[in-house]
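Listed below are the residues making up each chain.
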Amino acid sequence: MSEPVIRVEHLKKFFPVKGKLFEKKQYVKAVNDISFSIRRGETLGIVGESGCGKSSLGRTVLKVHQPDSGHIYFNGTDITKLNEKQMHPYRQKMQMIFQDPYASLNPRFTVGETIAEPMEIYQMYDPKERMERVQQLMETVGLKPDHIRRYPHEFSGGQRQRIGIARTLALNPEFIVCDEPFSALDVSIQAQIINLLEKIQDERKISYIVVAHDLNAVRHISHNIGVMYLGHLVEIGPAAEVYQNPKHPYTKALISSIPVADPDYTGLGKRIILEGEVPSPIHVPKGCPFSTRCKYCTEKCKGQMPELKTVGEEQVACTLYE
Amino acid sequence: MLKPEEYFEPLPASEKNEEYIAMESKSFAKDVWERFCSNKRALAGLILLGIIVVIAVIGPWISPYPYDGMDTMISNQGASLAHWFGTDQMGRDEFTRVLYGARISLMIGFVATAVNVVIGIIYGGIAGYIGGKVDMVMMRIVDVIYSVPAMIYIILIMLILGSNVYSVMIGICVNGWVNMARIVRSEVITLKEREFAVAAFVMGASKKRILFRHLVVNAMGPIIVTATLMVPQAIFNEAFLSFIGIGISAPAASLGTLAQDAKMLLAKYPMQMVYPVAVICVVIFALNFIGDGLEEALNPKGRR
């Protein structure tokens, strides 16, 4: 099997919380001991509820946040300890699509300037060829090339997301982190963007991490799915398997919460309602982070965080499967 | 009952132009200019300032009198066709001197502001963007500079470099940039958290590029407004210095010097005081109106 494009081992990122003077320093454990790998042309979906560290994971993999420990391998090279100068050639191959298409485009740049900027930074092509390539990219993502001189505020949300995607593709990346690419868009536009991302993946064999909380959209686009809870990866496996046959009690609850678009659906009673609140990410429970809300919780769960164990085609971190 | 598909009918192919944008594309600058022009007070200020700048620049060339040409035979005359604003106690043409003074005052205002803007953007931008300890140290230096009154710097510089236009400019610049640096810093701090700055970072943009092409460009609104209000401040400071006698010295004249010269004869020839002071007032009013108009034009959601 070929070397994965991205391999992450025991990645950790803790953010310090501003505490009072002389108090013990506290941390939000946003990304806590996460490992996975993504092969060429595949998509890893990351799901989980708000504040579980999905976005932080995506940004840490791209080294927007410097990881505290663990390793990130890009095509087999360890990029964890590289400084910004050494990262420069790798940045070209690792890109990001943002959640909010309003905030992620510089309002003072025209569409043409926005899409040409990455090529300018890497000094790809001469200025004339650059403009031609900008027009090609605009066509690729479904924008009219004659809108090249317009400003972001003149476009709709879906169109802006397309501008963002065109900018990302300008560098011919091999790996893209999509940070909630659909959540700021309405449903019909979401479908267009999902199809666009899939089309690009087929043509260019790009690998994606798709961070989202829309479970149906993630299922549609992902080959593999990882489920996060309070900074931990609790389950990871092929998309169909995770959705049809969830193993971890948290995944079960999450999957059962997906609304079904069928008025005759009678399975509402099967919905698993979790008790209690998500604990604060500053005070993560000892042992399994889900132990405070899990009905299968045993003494063992409260002792130590269970390791990811292979169960069938998946990997699950739960004492039930040990 | 109609079936769902019978509620709708397909559009003809000619109407399938969903990407059509009807509004004319406007750049940010054009948009601001249009809003600025719709504000009558600001536009009047701009026109007035334009007129004063034009006659101050070309006036002394076409005037038949030199600014320092004395003729004691005709001293302290009133306004006449030959001398529009009359003459001063040395018999110099007051109109020429006011034009000349306005030229120097405006030059000091604009040059000092330009220097302050450049220093302020670079210093404030770096402090805000790097943040942390660098920011802390840089802003404490700013606090120290700011805590000493501007007059003390100016008087000290005058003592060393003599009283001329350049030492007044340097004196105004020594702590004038501090305000600009503070404004740029606070803007950069909020802007650097925005997603387009993160996007530029992920694209591999250098720190310099992110700061100047993405952050400062987006902070241009407050920078322009502050700069516009700095010009009258500098003109006012210069006039004040010259009036108390430590500014530009004779025979060169700024508006402040003219007012100072007129002070001694105020009871007898009050008009000599009126002309330069009126010009100072008009310039400062015009600039303040422009500044207010720009603020509204750049920040249309803020007011109205």
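Residues numbered from 1 in each chain as written. Chains lettered and ligands numbered in written order. Predicted model: local features only at pLDDT ≥ 70, side-chain atom pairs only at ≥ 80, totals over all residues.

The name an unreviewed UniProt entry assigns to chain B is ABC transporter permease, from the organism Jingyaoa shaoxingensis. You can read under Sequence similarities (unreviewed entry) in the UniProt record for chain B the words "Belongs to the binding-protein-dependent transport system permease family." The Subcellular location (unreviewed entry) comment attached to chain B in UniProt states, word for word, "Cell membrane". (UniProt positions renumbered as here; feature names shortened; annotations may be inferred.)

Chain A carries the name Dipeptide ABC transporter ATP-binding protein in an unreviewed UniProt entry, which gives Jingyaoa shaoxingensis as its organism.

*Asks:* Mind showing me how you'd approach the overall build of chain B here?
*Replies:* Within chain B, the regular secondary structure consists of 11 helices and 0 strands. The helix and strand sequence of chain B, counted from the amino end, reads α-α-α-α-α-α-α-α-α-α-α. Along the longest, intermediate and shortest principal axes, the C-alpha atoms of chain B span 105 × 50 × 30 Å. Within chain B, the fraction of its 304 residues that count as buried is 39%. (Helix = DSSP H or I, 4+ residues; strand = E, 2+ residues; numbered from the N terminus. Buried ≥ 20, exposed ≤ 12 C-beta atoms within 10 Å, placed from the backbone.)

*Asks:* Honestly, unusual backbone geometry in this entry has me stumped. Any pointers?
*Replies:* A negative phi angle is the norm for most residues apart from glycine, just as the trans form is the norm for most peptide bonds. Residue and element names in this part refer to chain A. In the Ramachandran plot, Glu180 falls in the positive-phi region, its phi being about 45 degrees despite a non-glycine side chain. Note on placement: Glu180 falls in the loop between β7 (175-179) and α6 (187-204). The phi torsion at Lys205 lies on the positive side, around 55 degrees, for a residue other than glycine. Structurally, Lys205 can be placed in the loop between α6 and β8 (207-211). Residue Lys205 is classed as exposed on the basis of its 12 C-beta neighbours within 10 Å.

*Asks:* What should I look at first to understand the sheet that holds strand β5 (residues 77-78) of chain A in this one?
*Replies:* All names here are of chain A. Strand order in this open sheet of 4 strands is β2-β1-β4-β5, and the pairing throughout is antiparallel. Whereas interior strands pair on both sides, the edge strands pair on one side only; in this sheet they are β2 (26-38) and β5. Here strand β1 (residues 6-17) runs beside strand β4 (residues 69-74); their pairing, made up of 5 bridges, is antiparallel. Across the sheet, residue Arg7 finds its bridge partner in β4, namely Tyr73. (Pairing = 2+ DSSP bridges.)

*Asks:* Sorry if this is basic, but what is going on with the pairing of strand β6 (residues 94-97) of chain A here?
*Replies:* Each regular strand displays side chains that alternate between the two surfaces of the sheet. Residues and elements named next belong to chain A. A two-sided burial pattern is seen for β6, the buried positions comprising Met94 and Met96 on one face and Gln95 and Ile97 on the other. One ladder, built from 4 bridges, connects β6 with β7; its direction is parallel. Bridging from a neighbouring strand, Gln95 pairs with Ile176 of β7.

*Asks:* I keep staring at the nonpolar core and nothing clicks. Help me out?
*Replies:* Considering soluble globular proteins, one finds that nonpolar side chains tend to be buried as a cluster. Judged by nonpolar contacts, the single largest core of 148 residues is most densely connected at Ile115, Ala166, Cys178, Ile209 and Val227 of chain A together with Leu215 of chain B. In terms of residue count, helix α3 (residues 94-130) of chain B provides more of this core than any other element does, 13 residues in total. Not counting residues up to four positions away in its chain, the partners in contact with Cys178 of chain A are Ile97, Leu197, Tyr208, Ile209, Val210 and Val211 of chain A. (Core = buried A, V, L, I, M, F, W, Y, C linked by C-beta atoms within 7 Å. Contact = placed C-beta atoms within 7 Å.)

*Asks:* Honestly, the packing of helix α5 (residues 150-161) of chain B against helix α6 (residues 165-191) of chain B in this entry has me stumped. Any pointers?
*Replies:* Each pair of packed helices gets described by two things: the angle between the helix axes and the distance between those axes. Residues and elements named next belong to chain B. Contact pair α5 / α6: the axes reach a minimum separation of 8 Å and the direction vectors enclose 145 degrees. Here α5 and α6 pass one another in a crossing that is right-handed. Facing Ala150, Tyr153, Ile154, Ile157, Met158 and Leu161 of α5, the residues of α6 in contact are Tyr166, Ser167, Ile170, Gly171, Val174 and Asn175. When the residues that make up the contact of α5 with α6 are grouped by side-chain class, the tally is 9 nonpolar, 3 polar and no charged. (Axes fitted to C-alpha atoms, helices over the stretch in contact; angles between N-to-C directions. Left-handed = near helix turned anticlockwise from the far one by under 90°. Nonpolar A, V, L, I, M, F, W, Y, C, P; charged D, E, K, R; others polar.)

*Asks:* What is the right way to look at the interface of chain B and chain A in this model?
*Replies:* Interface size is often expressed as the accessible area that is lost when the parts come together. Contacts between chain B and chain A engage 18 residues on the former and 23 residues on the latter. Secondary-structure elements contributing two or more residues to the side of chain B that touches chain A are α7 (195-202) and α8 (207-218) of chain B. Top element by residues in the side of chain B that touches chain A is α7 of chain B. It accounts for 6 residues. For the side of chain B that touches chain A, a count of residues per class yields 11 nonpolar, 4 polar and 3 charged.

*Asks:* Looking at this structure, I do not really get helix α4 (residues 132-147) of chain B. What am I missing?
*Replies:* Along an α-helix, a turn takes 3.6 residues, which lines up residues three or four apart on a common side. Look at α4 of chain B: 23 Å from first C-alpha to last across 16 residues, which is about the 22 Å you get at 1.5 Å a residue. By the criterion of burial, α4 of chain B is predominantly exposed, with just 1 of the 16 residues buried. (Expected span 1.5 Å × (residues − 1).)

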